[in-house]
Amino acid sequence: MTPAVTTFHTPHHVVHRHTTSEPPFVRRALIGVALVFLSLFLFLPLVFVFTQAFAKGIGFYFETLRDPNAWSAIKLTLLAAAIAVPLNCVFGVCAAWAIAKFDFPGKNILLTLIDLPFSVSPVIAGLIYVLVFGAQGWLGLYLNADNPHFPWLQNWLNDHNFKIIFAVPGIVLATIFVTFPFVARELIPLMQAQGRSEEEAARVLGASGWQTFWRVTLPNIKWGLIYGVILCNARAMGEFGAVSVVSGKIRGQTNTIPLHIEALYDDYNFTGAFAVASLLAFLALITLGIKTWVEHQQAKQEISK
Amino acid sequence: MAKSVSRSKRIRVLPGFKLTLGFTLFYLGLIVLIPLAAVFWKTTTLTWPQFWQTITMPTAMASYRLTFGASFLAALVNVVFGLIVAWVLVRYEFFGKKIVNALVDLPFALPTAVAGITLAALYSKTGWIGQLLEPLGIKAANTQLGIFIALTFIGLPFIVRTVQPILEDLDPELEEAASSLGANRWQVFWRVILPMLTPALLTGFALAFARALGEYGSVIFIAGNIPMKTQITPVIIMGELDMFDYGKATAIAVVMLVVSFVLLLTINVLQWWTNRYNTNNLA
């Protein structure tokens, strides 16, 4: 570069920095405020969970986790997530395909309805299933109805003492409800932005519908899908309010991990509560880690396009 | 209009419309719409005076005031600090920025029960923060302040994550133009940047507020749930459920649902406004 260019550039550069940036002390003050606020609200609680979990030593920690009630809570949580996440994943892909690839009236209403579970309090999410399946609800009324539409069904349900509320099916349903929008919310904007030209090209070139989906759509949406699934899973394993309404909280039977944490906490077994809580805190950290990694991959995919 | 009609009349090249839309509607109806309708069905078993009496009973009224007040304040605090955090993350470089950026989503990822017992223990008399507040005469455990703290925690990512993308896309030329016309940095922020961020800030505020209204798990441990003092509305519903009084629980749930639906509608309008601003900037 010739000196002339440099002298021409330098003042411009100085002016530029000066007008669209803050003085250093303001910058440092803002960074300071942000970091203090975040350490107080995010970092400190996170460190606290793990410190408390090991407050009585590593032996007590593993003893708490090996407890049969804790073990049953872990298994129930894994079961609920293993049912809720795949179902909501299939739903999310279907909803995104219909909404992003086709035009139809009422699309915005459908989008709002898919968001509904996010705006419903977890306690109400549990309540609605009690009202449908509980003893005083629709199912309860049906079981005691004098003239049921399907007598065989009523008999079968009564014979098998079929229970949804205060039992495992209710917990699974409540979990499905609270994690309902996660995958769909992630995929719909992504697939809308990608349009339909690539899929249309694949079809014109002779690919079948499935081939188009597996070979064209799925590679395009895979990072968004992974992101949606891990968020869905984190919420499914951590849900507390909705599950606590429908579970009945029978220790060793209908307690999930969060409910087991509450039970230990209510017993004043704080170290035990934090030991179990550390499992979920660890899950949250893994979730954040995968999220960061997925965002990184997404950015890479964008650049390579 | 004519264009879109002719477009949908065209042969659909892509398959699966009926299958995917059909399944979407079926699943939505089964999991969300029919159970939600049960709430409104259950309220019809109450007479109007019964319904009114339930939703205006003193403990419920106190809980509305508390829930709305604490949620509003928490969302407001988050607007200020969330904007600062978003600003710092977008505009400045500092050590550990990537970790901080990832950690902002912690309240989304951390289960509410874990957040609940953690905050309760941190702010208890003997907790790390509580013992520092104790000599100052500030009590957070079992008080309304504690509820406010819990709601601030869970609302934090909403503001940061709605403001951050808008701030990233902001055209620096606008700021350069303003300052070359003689505006100082504060004027540029106040007159140029802030108006462009307003829709996003409002959306974030509404999202955080809506989430806080229904929050249960992270609040109940620190709140102590003292009737008339620290009982939030979801706790009132829970109390009625524990007494198997489904009618009363449902009546109060209807109040909350109606508020949530109105908020959801507001958020949709705000989001549309935010996006419009965004595309205007691009054009």
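Because the structure is a prediction, the values reported are computed rather than measured.

## Some words on the overall build of chain A
Phase 1 of the analysis: When its secondary structure is counted, chain A shows 15 helices and 0 strands.
Phase 2 of the analysis: For chain A, the spread of C-alpha atoms along the three principal axes comes to 95 × 65 × 30 Å.
Phase 3 of the analysis: Burial statistics for chain A: of 305 residues in total, 51% are counted as buried.
Phase 4 of the analysis: Contacts in chain A between residues far apart in sequence, at least 24 positions, make up 73% of those at least 6 positions apart.
Phase 5 of the analysis: Here chain A displays about 14600 Å² of accessible surface, and carbon together with sulfur accounts for 67% of that area.
Phase 6 of the analysis: Counting 20 positive and 17 negative side-chain charges, chain A places the averaged centre of each group 8 Å from the other.

## As for the interface of chain A and chain B
Phase 1 of the analysis: In this complex, chain A contributes 89 residues to the contact, which on the side of chain B involves 85 residues.
Phase 2 of the analysis: Across the chain A/chain B interface, buried area totals approximately 8100 Å², and carbon plus sulfur atoms make up 81% of it.
Phase 3 of the analysis: Looking at the side of chain A facing chain B, the largest losses of area belong to F37(A), F41(A) and L42(A), adding up to 8% of the total buried there.
Phase 4 of the analysis: The interface formed by chain A and chain B contains 2 salt bridges.
Phase 5 of the analysis: The interface formed by chain A and chain B includes 10 residue pairs in polar contact (both at pLDDT 80 or more).
Phase 6 of the analysis: When residues in the side of chain A that touches chain B are grouped by element, the largest group, 19 residues, is from helix 2 (residues 24–53) of chain A.
Phase 7 of the analysis: The class makeup of the residues in the side of chain A that touches chain B is 61 nonpolar, 17 polar and 11 charged.

## Regarding the nonpolar core
Phase 1 of the analysis: One finds I114(A), F177(A), I261(A), I31(B), Y123(B) and I237(B) to be the most contacted residues of the largest nonpolar core, which totals 193 residues.
Phase 2 of the analysis: Considering every element that reaches this core, the biggest residue donor is helix 4 (residues 68–101) of chain A, with 15 residues.

## Here's the deal with helix 12 (residues 209–238) of chain A
Phase 1 of the analysis: With 30 residues, helix 12 of chain A extends only 37 Å from end C-alpha to end C-alpha; this falls clearly short of the ideal 44 Å at 1.5 Å per step.
Phase 2 of the analysis: Taken as a whole, helix 12 of chain A carries its principal kink of about 60 degrees at K222(A).

## Remarks on the confidence of the model for chain B
Any segment with low pLDDT has predicted coordinates that should not be analysed in fine detail.
Residue and element names in this part refer to chain B.
Phase 1 of the analysis: Chain-level pLDDT for chain B is 89 on average; 94% of the residues reach the 70-or-more range.
Phase 2 of the analysis: Mean pLDDT in chain B bottoms out at helix 1 (residues 2–9), which sits at 47, and peaks at helix 4 (residues 58–91), which reaches 96.
Phase 3 of the analysis: In this model residues 1–9 is a low-confidence stretch, pLDDT under 50, and it forms 2 contacts with partners more than four residues away in sequence or in other chains.
Phase 4 of the analysis: Scored as a whole, the predicted complex attains pTM 0.89, and scored at its interfaces, ipTM 0.88.

## A closer look at the pattern of salt bridges
All names here are of chain A.
Phase 1 of the analysis: Scanning all chains against the criterion turns up 15 salt bridges over all chains.
Phase 2 of the analysis: A salt bridge links D103 to R196; its shortest N-O distance comes to 3.2 Å. Residue D103 is found in the loop between helix 4 and helix 5 (107–119), and its partner R196 is found in the loop between helix 10 (182–194) and helix 11 (197–204); the two are separated by 93 residues along the sequence.
Phase 3 of the analysis: The class for D103 is partly exposed, based on a relative accessible area of 33%.
Phase 4 of the analysis: Residue R196 is classed as buried on the basis of its relative accessible area, which comes to 19%.

## Structural notes on the environment of G224(A)
Residue and element names in this part refer to chain A.
Phase 1 of the analysis: Looking at the element boundaries, G224 is found in helix 12.
Phase 2 of the analysis: Its relative accessible area of 2% is what places G224 among the buried residues.
Phase 3 of the analysis: Residues G224 and L110, spaced 114 residues apart in sequence, show a C-alpha to C-alpha distance of 21 Å.
Phase 4 of the analysis: Look past the residues within four positions of G224 in its chain and what remains in contact with it is E186, L187, L190 and Q298.

## Let's talk about the side chain of T24(B)
Phase 1 of the analysis: Looking at where T24(B) falls in the secondary structure, it is placed in helix 2 (residues 17–43).
Phase 2 of the analysis: Owing to a relative accessible area of 1%, T24(B) belongs among the buried residues under this scheme.
Phase 3 of the analysis: Once residues lying within four places of it in the same chain are set aside, the contact partners of T24(B) are F91(A), C94(A), A95(A) and L110(A).

Rules behind the numbers
Residues numbered from 1 in each chain as written. Chains lettered and ligands numbered in written order. Predicted model: local features only at pLDDT ≥ 70, side-chain atom pairs only at ≥ 80, totals over all residues. Heavy atoms only, no water. Helix = DSSP H or I, 4+ residues; strand = E, 2+ residues; numbered from the N terminus. Buried < 20%, exposed > 50% of the residue type's maximum accessible area, 1.4 Å probe, protein only. Contact = heavy atoms within 4.5 Å. Areas by Shrake-Rupley, 256 points an atom, 1.4 Å probe, with all protein chains shown as cover. Lys, Arg positive; Asp, Glu negative; His and termini not counted. Charge placed at Lys NZ, Arg CZ, Asp CG, Glu CD. Buried area = accessible area lost by both parts, 1.4 Å probe. Salt bridge = Lys/Arg side-chain N within 4 Å of Asp/Glu carboxyl O. Polar contact = N/O pair within 3.5 Å; in protein donor to acceptor, adjacent residues only side chain to side chain. Nonpolar A, V, L, I, M, F, W, Y, C, P; charged D, E, K, R; others polar. Core = buried A, V, L, I, M, F, W, Y, C linked by side-chain atoms within 4.5 Å. Expected span 1.5 Å × (residues − 1). Bend = angle between axes of the 7 residues up to and from the residue. pLDDT = per-residue confidence, 0-100.

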